[in-house]
Each structure stands twice: as C-alpha cells, then as structure tokens.
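# A look at the structure
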Amino acid sequence: MSEKESAALHINALREEIREHNYLYYVLDSPDIPDIEYDRLMRELENLEAQRPELITPNSPTQRVGAEPLAAFQQVKHTVPMLSLNNAFNEQEINDFDQRIKERLDLQIITYVAEPKLDGLAVSLRYEQGQLVQCATRGDGQTGEDVTHNVKTIHSVPLSLRGKVPDILEVRGEVFMPKSGFEKYNQQQIAAGEKAFANPRNAAAGSLRQLDPKITAKRPLSIYIYGLGEISAELEVSTHYELLQVLKEFGLPVCPEIQVVENPEGCLAYYQQLGEKRNALPYEIDGVVFKVNEIALQKRMGFVSRAPRWAIAHKFPAHEELTKILDIDVQVGRTGALTPVARLEPVFVGGVTVTNATLHNQDEIDRKDIRIGDTVIIRRAGDVIPQIVSVVKSRRPKKTQTFHLPERCPICDSDVERDEGEAIVRCMGGLFCSAQQKEAIKHYASRKAMDIDGLGDKLVEQLFDADLIKNVVDLYQLPIADLIKLERMGEKSASNLLQAIEKSKHTTLAHFLYALGIREVGESTARALAEHFKSLPAIMVADLETLQSVSDVGPIVAKHIETFFKQAHNREVVEKLIAAGVNWPAIVVSSAKQALEKKTFVLTGTLSSMGRDEAKAKLQTLGGKVTGSVSKNTNYVIAGSDPGSKVAKAEKLGVKVLDETEFNSLLEHPEEFV
Ligand code: D41
C-alpha cells in the first residue's frame, strides 16, 4: 500500500468515527466520549488533512465553514414543493379537522403523529449518494434560496448519511436557535450596544440569510427533520412515525417529543401536555402539528392549495401582547449598572401578569425609539424576563416623552461612567451607593450564596431602610429586640431569621466566594477558584497570572478578583465576617474525594431529604461530576420520587439507578461505590 493510500484509509476511518460520535450526540442524545476526546479526533483529522490537502473532500467534518463569502444567494427550485400548514386555533377546529378526515376516508379511528411546532425556518436538505449537496430555504414553497454554505455550519446537520440510503434523498426540517443560545446571543449584542433579535425565529432566519458562512458558524443553530421531499426509491415504511425512525437511522436528528396519538382526544391531550412543558423545553415552539400517521391515508387525502389535508398546526396562545409604557424608572444594580426599566400597564402574557420590562440601556431605547406613552409589543418566552419587541408607531399618541438616562446616579448622585466597548452606564459610587449596598446584601443572602433562609429581597430592603443593616457584617449583629419592632415581624419569625443567619455561618469556600459578589465571579467560577486554591488567603494574594491558571478565569475576571481584594474595605469586610464566625471546612483531598473523582451522575425526580442543588453540591464535594442528561458515560442516575424519562433511558443504556436510600449511603461511604 502506498503512503497516500494508507493516509487515505486513516483519514476515512477518522471521519467515520467522528460521524458516529455526531450521530450518538445529536441524534441519539447519548454521547459516548467527552468533548475533549471529540476535539482531539477533530484536531487529528485536521492535521492529517493539512499534510494531504488533496484528500480533503467537501463533506469532511473539517469543512463545515466554507472558505469564501458569497456575492448573492442563488435560487433553488424545489422538485417537490414544500407545502404549508393549515392552522387550528381552538379545540373545535381540531375536532373539525378529524371529522373531515374520518368522513373522507370512511374510518372511525385515526392515528396521528403529534409533533412540536418549532419556531424557526423551514429548509430542505438534499443528499445524493448519502452526501449533503444542497440546502435551500422554503421560500414560497416552489422556489427558495440556496443556503448550503450556512446550513453546513450547523453541527447537528449530518454532512453525510449513515447506512444504505436512496441515491437521492431530500428531507425537510426546521432550523432553529435554542433558547439558551438565543438569550446569550442577545445579551452579548445588547451589552455591546448592538441590535438584538426580536425572537428565535428571526434569529434563525437572520442567521441563515448571511452571505458569509463564518458569521452563521458563530450562531448557535440546530435542526430537527420532520418530513420528506424528493426521493429516488421508496422507503420501506407505511407510517410517518416509521419514516421518522428511518430518518434517525440515517443520522438525521428528529425531535424527541414526537408521539403517536389516537383521535382528537389524543391530539388535544398532547397539546395540553406539551403546553405545560413548553417553558421547560430548550427551544421555542409556537404550537403542535398533527399528521395522519398512515402514509397510504395521507395519499388518499391529498392537498388543497399547497397545504396537505392530512396535517394541521394547533397554535399555542401567543407569547406576545400589546401594552402601554406608563413610565420609565432607573434601577441601580449590584455592580452599579444603571438599567432603565419600563413600568407597564399590567398585561397577561405567556401565563403571567407582566408589569415591568427591562429596556437594557440607552442604545436599546434609542434604537427602538421607545417613549413614555407608547404602545409596545411585549414578549415573554420561557422563564425569561419580558422584553419589549417594538413600538407600535401607528398607536403613538400625540404627546410622548423621550427618555434619557441621568448623568448622575439617581440614588447616590455619584458620577456615572460608560465602560469602553460596552453599552452599560455604571454608578461610580461603589459601596457608597445605597442601591449597591442593598443589592450586595441581597446577593450575599441569596440561595446560591450564603443561603439565608427567609432573608429575601423584600426583607433586606426593610432591614436596610430601618437602618438595621448597612452591610453584610451587620447581619451577624442583629439585635432581636430591634427585629421584633419591624412591621409584619413577630417574635417567632424574628427568631427564625436569626437562626437562619446563624446557620449560614457554616458554609463552603465556594459559596462564600460567590457571596462576596466579585464582578464576573459566578457560581462555577467561585467553585473553580475554591478547588484550585483551596484556601481564601491564597486567593486574596494571588497575582493575575496565578489567577488565570484556573480553568474558568480569563484576564478580565482575574483583574476583577485582584481589584476586589486590593480594596482595603473589602478585605476588612472579609475579616469581620470571619471574626463573626463565618467558617467553612478546610478543603482536603480525601480518599473519598478521589473515589468519586471520575464518576458522572444525573439527578432526576424529587429527593425528600434534600434539594437538587444540595445533592449536586454534595456529589461535587466528593469529586463527582453532575450532568443533565443520561448517556453511556453516566455512572449513576439518582432517582427521587416522580423521576422522568431519565430512568428509562438509564435502564436502556444499562446505567445503574440509585434510589434515595442508596444515594444516602453513597454519600456516607463513597468508597464502596467505585
Ligand atoms: O416544526 C415545525 N415547524 C413543522 C413544520 C413540523 N413539525 N412539521 C411540518 N410539516 C409540514 C408538512 C406536513 C407540510 C410536511 C412543518 C411544515 N410542514 C412547514 N413548515 C413551514 C411550512 C410548512
């Protein structure tokens, strides 16, 4: 064998291996290697290809980001048109849909496939000989735009298919931006003073409409496949559900929420069930789609004016509503950031009544031309904070009032400054500013910090305004006699509060560090710092370089940490807290810690003896890793009461499931579980 031939074999084997890992990760949601291992395979392939550029193929896993930006989009004519969906807006219209089908087919029972209706952009992917050759948007259903260069950057889109597939296979699906990526992207944009996307659907569409694939590659997009276009040979399936299973076998990602249901009752139950789950799903959906399951029956139903008679979309109530801006206030946050907040005429949207919406910063207000008195579109998705999408200019009253952030802090009258390259304006008052003092105490007491039970934001305000606390040290010197005098505070609750404060003295270094509220030091950074340095004095004296040797810490965070501990008053607060009795166990690397070092856990269901965060923290102290989803890499699934599908998945994968009793003995004797 020539050297070139053996290089080609090696390269092919690597590509095959990477493709299989992609399949496990994106289609089966069951990765079998850690990310760093996957990255290593990719780097190895990149190196081999760099040595043998003649062996690079357009669909090699290394070729997701094509080289040059396009000049313009080409048009693509769909050989099989991309149909649209009719909508049902209420139960009656679902019953009518089902009735029409039953009458036309003369049947009493119909099985449907129920799918979430993803809020993204419909695309068609064309595979020839198992290789991805073209991706097009839906366009008007007849003709779309060629977005191959962009769709190839989406990691869940397989560049080549697995197994024996028809020579020509076109599949249809929805490209979407998961909520987490959407939130993160928008936060970055707003912080940099740039335009945010109004909703995940615009985010997906805007990202695919880029001429430069390098831009698209930076957007967190994903895809689920829900149907077929042109195909050169019939697949051996008789139902839509089987079709989806076969597409999964080919390596195409299919939404895991899809179910087979029966009759309109089944459809409506699914609609109800998914509606309850809507906020918890990692992606935005705007309804569900019901499709007749039997393909033969679909064919008998046919379609009218470009929409199939055998499918219907059942929309959820919109997460958008109209309301009016009554006023705009300025809030000063823990780090001094001045945030304009719109006070709204109360409006019911996405399941809750909304009275406030953040306006982020002055740039955002100017860009959207938001004025007091305006009617605006409010949007609330998932559990996220309500946003103002846009102003309804046609409803703008004659008299509106423009808004400008004040030149000085509205609370303490200190100077305000705008950080370079940021859109945020900050009060320079630091802990001289009472707003920042209050926020610092709220943060210190919060659940993920010192976890002072019962000391919520309202009570901090009350104690602060009554001059009982001015900083976190004061919490440990609260006289019960003064507490009892407070409004709505009886003897019992005062003593409970003092007990909770007392209890908070026993903490961990990670919690304490997080509680200090150092800028950019979140929970996980605090944990990484604690684990790395193992003692507070070591962190307090660490220089920038040493700080950056911690995995989570970059130059900016390092600077924040250093600056924090350089301030005499911060060091004084730390000393006083310790003098008041705040303490944590010394971090020692015990044999028990080593015992759980390489073990991965997944928590599901409700534990009676502790909350999920506590269980997680306990496992982490013992060196265990806690992840969200079950895979072959999971060592144990801890199942409380009412566990979800994770237990079934664990059983399928042969992963050991521990009940609460077993979990408790694991915590006591971790060495017995290795
Ligand atoms: O999730 C979706 N957005 C979705 C869209 C879905 N789950 N199924 C769909 N099925 C179809 C038919 C039945 C016509 C093949 C669709 C769409 N169409 C669709 N998306 C955009 C226009 C039509």
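Remember, predicted model here, so these are calculated numbers, not experimental data.

Conventions we followed
- Residues numbered from 1 in each chain as written.
- Predicted model: local features only at pLDDT ≥ 70, side-chain atom pairs only at ≥ 80, totals over all residues.
- Heavy atoms only, no water.
- Helix = DSSP H or I, 4+ residues; strand = E, 2+ residues; numbered from the N terminus.
- Rg over C-alpha atoms; globule rule 2.2 N^0.38 Å.
- Buried < 20%, exposed > 50% of the residue type's maximum accessible area, 1.4 Å probe, protein only.
- Contact = heavy atoms within 4.5 Å.
- Areas by Shrake-Rupley, 256 points an atom, 1.4 Å probe, with all protein chains shown as cover.
- Pairing = 2+ DSSP bridges.
- Axes fitted to C-alpha atoms, helices over the stretch in contact; angles between N-to-C directions.
- Core = buried A, V, L, I, M, F, W, Y, C linked by side-chain atoms within 4.5 Å.
- Disulfide = S-S within 2.5 Å.
- Near = heavy atom within 4 Å.
- Polar contact = N/O pair within 3.5 Å; in protein donor to acceptor, adjacent residues only side chain to side chain.
- Phe/Tyr/Trp six-rings, centres within 6.5 Å; stacked < 30°, edge-to-face > 60°.
- Lys NZ or Arg CZ within 6 Å of the ring centre and 35° of its normal.
- Expected span 1.5 Å × (residues − 1).
- Parallel < 35°, antiparallel > 145°, perpendicular 65-115°, else oblique.
- Left-handed = near helix turned anticlockwise from the far one by under 90°.
- Nonpolar A, V, L, I, M, F, W, Y, C, P; charged D, E, K, R; others polar.
- Salt bridge = Lys/Arg side-chain N within 4 Å of Asp/Glu carboxyl O.

## Brief notes about the overall build of the protein
- On a plain count of helices and strands, the protein comes out with 25 helices and 24 strands.
- A globule of 674 residues ought to have a C-alpha radius of gyration of about 26 Å, and the protein, at 29 Å, matches this closely.
- With the principal axes as the frame, the protein shows a C-alpha extent of 80 × 75 × 55 Å.
- The buried share among the 674 residues of the protein stands at 48%.
- Once local pairs closer than 6 in sequence are excluded, the contacts in the protein between residues at least 24 apart make up 67%.
- Here the protein displays about 33,600 Å² of accessible surface, and carbon together with sulfur accounts for 50% of that area.

## Quick word on the sheet that holds strand β21 (residues 600-604)
- In space, the four strands of this open sheet follow the order β22-β21-β23-β24, with parallel pairing throughout. One side of each edge strand has no neighbouring strand; the edge strands of this open sheet are β22 (625-627) and β24 (656-658). Taken over all neighbouring pairs, the strand axes of this sheet differ in orientation by 35 degrees on average, direction set aside.
- Relative to β22, β21 runs parallel, the two being bridged by three bridges. For V602, the partnering residue across the bridge sits in β22 and is T627.
- This element, helix α23 (residues 612-621), spans β21 and β22 of the sheet and lies at about 170 degrees to β21.
- Packed on one face of the sheet, helix α25 (residues 660-668) meets β21, β23 (636-639) and β24 and runs near 95 degrees to β24.

## A word on the environment of L536
- Locating L536 in the fold gives a position in helix α18 (residues 536-541).
- Residue classification places L536 among the buried residues on the basis of a relative accessible area of 3%.
- A C-alpha to C-alpha distance of 9.6 Å links L536 and A510, two positions 26 residues apart in sequence.

## Topic: the nonpolar core
- Residues L125, Y127 and F290 are the most contacted members of the largest nonpolar core, which totals 69 residues.
- Broken down by element, this core gets its largest block of residues, five residues, from helix α9 (residues 263-277).
- In contact with L125, not counting residues within four places along its chain, are L132, Q134, C135, V151, V157, L169, E170, V171, I223 and I225.
- Ranked by size, the runner-up nonpolar core spans 54 residues in total, among them A449, L463, A510 and F512.

## Concerning the state of the cysteines
- A complete count under the given rule lists zero disulfides for this structure.
- In this structure C267 is a free cysteine whose sulfur lies 16 Å from that of C255, the closest cysteine sulfur available.
- Free cysteine: C433, not disulfide-bonded; nearest cysteine sulfur from C412 at 3.8 Å.
- Assessed through its relative accessible area of 0%, C433 is described here as buried.

## Concerning the site of the ligand
- Around the ligand sit 16 residues in total, of which L83, E115, L118, Y226 and K291 are the nearest.
- Within the side chain of E174, an N or O atom sits 3.3 Å from a nitrogen atom of the ligand.
- In the model, a nitrogen atom of the ligand is placed 3.1 Å from a nitrogen or oxygen of the Y226 side chain.
- Contact with the protein chains covers 87% of the free accessible surface of the ligand, which is 490 Å².
- For the shell around the ligand, the secondary-structure elements that each account for two or more residues are β3 (111-118) and β10 (285-292).
- The biggest single contributor to the shell around the ligand is β3, with four residues.

## Brief notes about the side chain of D98
- For D98, the position within the fold is in helix α3 (residues 91-105).
- Residue classification places D98 among the buried positions, given a relative accessible area of 3%.
- The contact partners of D98, leaving out residues within four places of it in the chain, are I110, Y112, N263 and P264.

## Regarding the packing of aromatic side chains
- Summed over the entire model, instances satisfying the criterion amount to ten aromatic pairs.
- Within the aromatic cluster, the residues linked to one another by ring pairs are F176, Y224 and Y283.
- Sitting over the face of the ring of Y23, R162 holds its NZ or CZ atom 3.6 Å from the ring centroid.
- Stacked on the ring of F464, the Lys or Arg K470 has its end atom at 3.6 Å from the ring centre.

## Here's the deal with the sheet that holds strand β9 (residues 259-262)
- With mixed pairing, the five strands of this open sheet are ordered in space as β2-β13-β10-β3-β9. Each of the sheet's edge strands pairs with one partner strand only, and the pair in question is β2 (87-88) and β9.
- For β3 and β10, the ladder comprises seven bridges, and the chain directions are antiparallel. Across the sheet, the residue bridging to P116 is V288, located in β10.
- Against the sheet, α9 engages β3, β9, β10 and β13 (311-315), with an angle of about 135 degrees to β9.

## Digging into the pairing of strand β15 (residues 338-349)
- Sheet analysis places strand β14 (residues 320-332) next to β15, joined by seven bridges and oriented antiparallel. Residue pairing in the sheet places D329 in a bridge with V341 of β15.
- Hairpin remark: β14 followed by β15, antiparallel, with five residues in the connecting loop; positive phi at G336, about 85 degrees.
- The sheet contact formed by β15 and strand β16 (residues 352-358) spans six bridges and is antiparallel. Opposite V349, over in β16, you have V352 as the bridge partner.
- Hairpin connection from β15 to β16: two residues lie between these consecutive antiparallel strands, with G350 at a positive phi of about 60 degrees.

## A short note on helix α12 (residues 434-445)
- Across its twelve residues, α12 extends 17 Å between first and last C-alpha, which sits within 8% of the 16 Å expected from 1.5 Å per residue.
- Counting buried positions along α12 yields nine of twelve residues, so the element is predominantly enclosed.
- Where α12 is concerned, the buried positions are A435, Q436, Q437, K438, I441, K442, H443, Y444 and A445.
- Tucked into the core, α12 has its buried residues touching β14, β20 (425-427), α13 (457-465), α16 (509-515) and α21 (568-579).

## With respect to the packing of α12 against α13
- Viewed as axis vectors pointing N to C, α12 and α13 meet at an angle of 135 degrees, and their least axial separation amounts to 9 Å. Looking at the two axes, α12 sits oblique to α13. Pair α12 / α13 crosses with right-handed handedness. Within the contact between the two elements, α12 uses S434, Q437, K438, I441 and K442 and α13 uses D457, V460, E461, F464 and D465.
- Residues belonging to the contact of α12 with α13 are distributed by class as follows: three nonpolar, two polar and five charged.

## Examining the pattern of salt bridges
- Tallying each qualifying case throughout the model produces 42 salt bridges.
- The closest approach of N and O atoms between D613 and R447, which form a salt bridge, is 2.5 Å. Taken together, the positions of D613 in helix α23 and R447 in the loop between α12 and α13 put the pair 166 residues apart, joining distant regions of the chain.
- The exposed category is assigned to R447, whose relative accessible area is 53%.
- Close ionic contact of E614 with K618 constitutes a salt bridge, the shortest N to O distance being 3.3 Å. Of this pair, E614 and K618 both sit in helix α23, four residues apart, which is roughly one turn of that helix.
- Judged by its relative accessible area of 40%, E614 falls in the partly exposed class.
- According to the relative accessible area criterion, K618 is partly exposed, its value standing at 34%.
- Here the salt bridges do not stand alone but share partners, grouping R126, E128, E170, R172 and E230 into one network.

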